[in-house]
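A closer look at the structure
So you can see what is in the structure, the chains are spelled out below.
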Amino acid sequence: MPDWSLLPEELLQLISKHLQDYCFDVVHARSVCTLWRSLFPFPSSLLRPSYSLPSFAKFPRKSKGFCTLKKVPLFLFRVRAPHADASEYFLGGIGRDDDHIELPSPLQCSVKVKIPDSDPTLINMLDCQVLALGHQYRIIGCNPKYYKGVAFLPLNKFGGGEEFVVLLNYTKNLLVLRSTEMRWMLLEIPSYGSCSDLITFRGRFYAAFSNHDIFAIDPYSLEATPLMPSEALLDCGSVNDLVPSGNDELFLVEKIIPRTGVIYLYRLTLRVSRLNEEAGKWVEVSEIGDRLLVIGNLGNVCCSAKELPDGCGLTGNSIVFTHGRKVTYSYKYGVHTGREEDDLNCWRYSRDKCVTILSTSPVVALRVETAKP
C-alpha cells in the first residue's frame, strides 16, 4: 500500500480545494495522518453554532442564568455488523474530536455508542456509510422536567441580519422568544390539547397537539393557521408525528389506536398523509417513494433508501419507530397478514425484517436482520 502521508504539500492543498463540498470526504482525509489533518479545514457543515438564551426553568417567573441553544447535524451511520445477515445502524449527531488529543488512529469524527451491559465505544467513521439527515436544535444546560423540544428559525425575509425566533414546547404550552427582545413569552394557540410535536418546514413552524389539532405558525407575525385533517377516524384515537423530508414534503404519521376491545401492538395500523401546503390540508398517501421515515427518541427524520445498498435491511416506502418496544418491525403499505378481516389499505407491520433497538441514548442504535419464521 502507498504511504499517502508522503504526498507533496502542494498536491494536498489542491486536493483540499476539490473536497470542500464533500464534508465526509474531508473527514476521511483528515483521518489519514497529522499532516493531512493540519491541511484540510474541518467541514463547516459539521460545526455546531450556538446561541445563549435566558433560562425558562421558572416560567412565568423570571429565571436567573442562561441556557444554550445548539444546532446539531444529524446522520445515519451504517456500520459493519458481526453477522452477514444483519445490518447495524446508529442515528445521532457527530462530535468533533479535540485536535490536541493524539489517538492511535487520528479520528476526526466519531460516534459515542452506549449499549446496555457494555462500555461506551467510539465508532470510526472510516468504517461507516454515512447519510446526512439535516439537523435539529437542542437546549443545553437547562433541562427542566417538562421541556419537550425546541424549534428555531432565522428571520431573513429581506436578506441579511441575524435576528431569529425560537419556539419551545414546555409545560404543555408553547413559549416564544424573539432575538430582538430576548425574553420568553407564552404563545397563545387556539387548541385545548397539549403540544406533542414541534418542527420547522419551509420557513414556518408546525405544531401538533394531543387533541389532533395541527397548526402552521408564521415566524414573523406568530399567527397560527389550522390545517384541515384527513377524514375523521371513527371509534379510534391516534398518536401523531410530523416528519419533514428536507424542503420537499411534510408527512403526518398517525398511529391509530382503537377505543374499544383489546389492543395488540403488532396489529396497530398507521395512516400517512402529506401536506398540501397551497390548500392547507393533509392528503392521505399509500406510498412515500424511496423515503425511509424514522420516528423516535432523537426526533423524526427522513432519508433516501436509494443511498443504502440492497440487502442492508432498511428499504424505501417504509417507516420505523425507535421508541417503545425493544424488538419491532418496519411499517409498510398493503401488507398481507393472512387474516381476511385485516384491511390491506393501510400501513402495518411487515415481518420480513426484525428491528432490534439496542440503545436510545446518546445515539439510537439499531440492528436489522431477517426475521425468524
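Everything quoted here is computed from the prediction, not taken from an experiment. (Residues numbered from 1 in each chain as written. Predicted model: local features only at pLDDT ≥ 70, side-chain atom pairs only at ≥ 80, totals over all residues. Heavy atoms only, no water.)

**A few points about the sheet that holds strand β11 (residues 184-187)**
To keep things clear, this is the line we draw: DSSP-based pairing: two strands are paired if at least 2 bridges between them are found. Secondary structure elements are defined from DSSP: runs of H or I of at least 4 residues count as helices, runs of E of at least 2 residues count as strands, and each element is numbered from the N terminus. To get an axis, fit a line to the C-alpha atoms, keeping to the stretch in contact for a helix; angles then go from 0 to 180 degrees between the N-to-C directions.
Taken in spatial order, the 4 strands line up as β8-β9-β10-β11 in an open sheet, and their pairing is antiparallel. The open sheet has two free edges, formed respectively by β8 (147-154) and β11, since each of these has just one partner strand. Pairwise comparison of adjacent strand axes, ignoring direction, gives a mean angle of 25° for this sheet. Sheet topology note: the strand β9 (residues 164-170)/strand β10 (residues 173-178) ladder contains 6 bridges and is antiparallel. Bridging from a neighbouring strand, Leu167 pairs with Val176 of β10.

**A closer look at the sheet that holds strand β12 (residues 195-201)**
Strands sit in the order β12-β13-β14-β15 across an open sheet of 4 strands; the sheet is antiparallel. What marks the edges here is a single partner per strand, and that holds for β12 and β15 (224-226). Between one strand axis and the next, the sheet turns by 25° as a mean value, whatever way the strands run. Of the strand pairs in this sheet, strand β14 (residues 214-217) and β15 are connected by 3 bridges, and their pairing is antiparallel. Residue pairing across strands places Phe215 opposite Pro226, the latter belonging to β15.

**Quick look at the pattern of salt bridges**
Keep this limit in mind: Take a side-chain nitrogen of Lys or Arg and a carboxyl oxygen of Asp or Glu: if they are within 4 Å of each other, that pair is a salt bridge. Accessible area is worked out with a 1.4 Å probe on protein chains only. A residue is then buried under 20% of its type maximum, exposed over 50%, and partly exposed in between.
Overall, the coordinates contain 5 salt bridges when judged by the stated rule. Measuring nitrogen to oxygen at the nearest pair gives 2.8 Å for the salt bridge that ties Glu277 to Arg202. With Glu277 in the loop between β18 (269-276) and β19 (281-284) and Arg202 in the loop between β12 and β13 (204-209), the pair connects residues that are 75 residues apart, well separated along the chain. Judged by relative accessible area, Glu277 falls into the partly exposed class, the value being 28%.

**Here we look at the confidence of the model for the protein chain**
Quick note on the threshold: How sure the predictor is of each residue is captured by pLDDT, a score from 0 to 100. When checking whether two residues touch, look at their non-hydrogen atoms; a contact exists if any pair is within 4.5 Å.
In the predicted model, the protein chain carries a mean pLDDT of 82, and 83% of its residues have values of at least 70. Confidence over residues 98-106 falls short of pLDDT 50; this stretch has 13 contacts with residues more than four positions distant or in other chains.

**Let's talk about the pairing of strand β20 (residues 291-295)**
Among the 5 residues in β20, 5 count as buried, and that is most of the element. What you see with β20 is no split at all: Arg291, Leu293 and Ile295 on one side and Leu292 and Val294 on the other are buried throughout. Bridge count between β20 and strand β21 (residues 301-304): 4 bridges; the pairing is antiparallel. The residue of β21 that forms the bridge with Arg291 is Ser304. Linking β20 back to β21 in an antiparallel pair, the connection comprises 5 residues, with Gly299 at a positive phi of about 100°.

**Some thoughts on the nonpolar core**
What counts is decided by this rule: The term nonpolar core refers to a set of buried residues drawn from Ala, Val, Leu, Ile, Met, Phe, Trp, Tyr and Cys, joined through side-chain atoms within 4.5 Å.
Membership of the largest hydrophobic core comes to 20 residues, with the highest contact counts inside it found for Leu76, Tyr89, Leu91, Leu133 and Leu314. Among the elements of the structure, β2 (66-79), β3 (86-93), β7 (129-140), β20, β21, β24 (347-359) and β25 (364-370) are those that each provide at least two residues to this core. Here this core gets 3 residues from one element, more than from any other, and that element is β25. Excluding its chain neighbours within four sequence positions, the residues that come into contact with Leu76 are Tyr89, Phe90, Leu91, Gln129, Val130, Leu131, Leu133 and Cys303. Within the second largest apolar cluster, 18 residues are counted, among which are Leu270, Ile288, Leu293 and Trp347.

**So, helix α2 (residues 23-30)**
For an α-helix the count is 3.6 residues per turn, leaving residues at separations of three or four pointing the same way. Burial analysis of α2 places 6 of its 8 residues in the buried class, which makes it a mostly covered element. What α2 keeps buried is the set Cys23, Phe24, Val26, Val27, Ala29 and Arg30.

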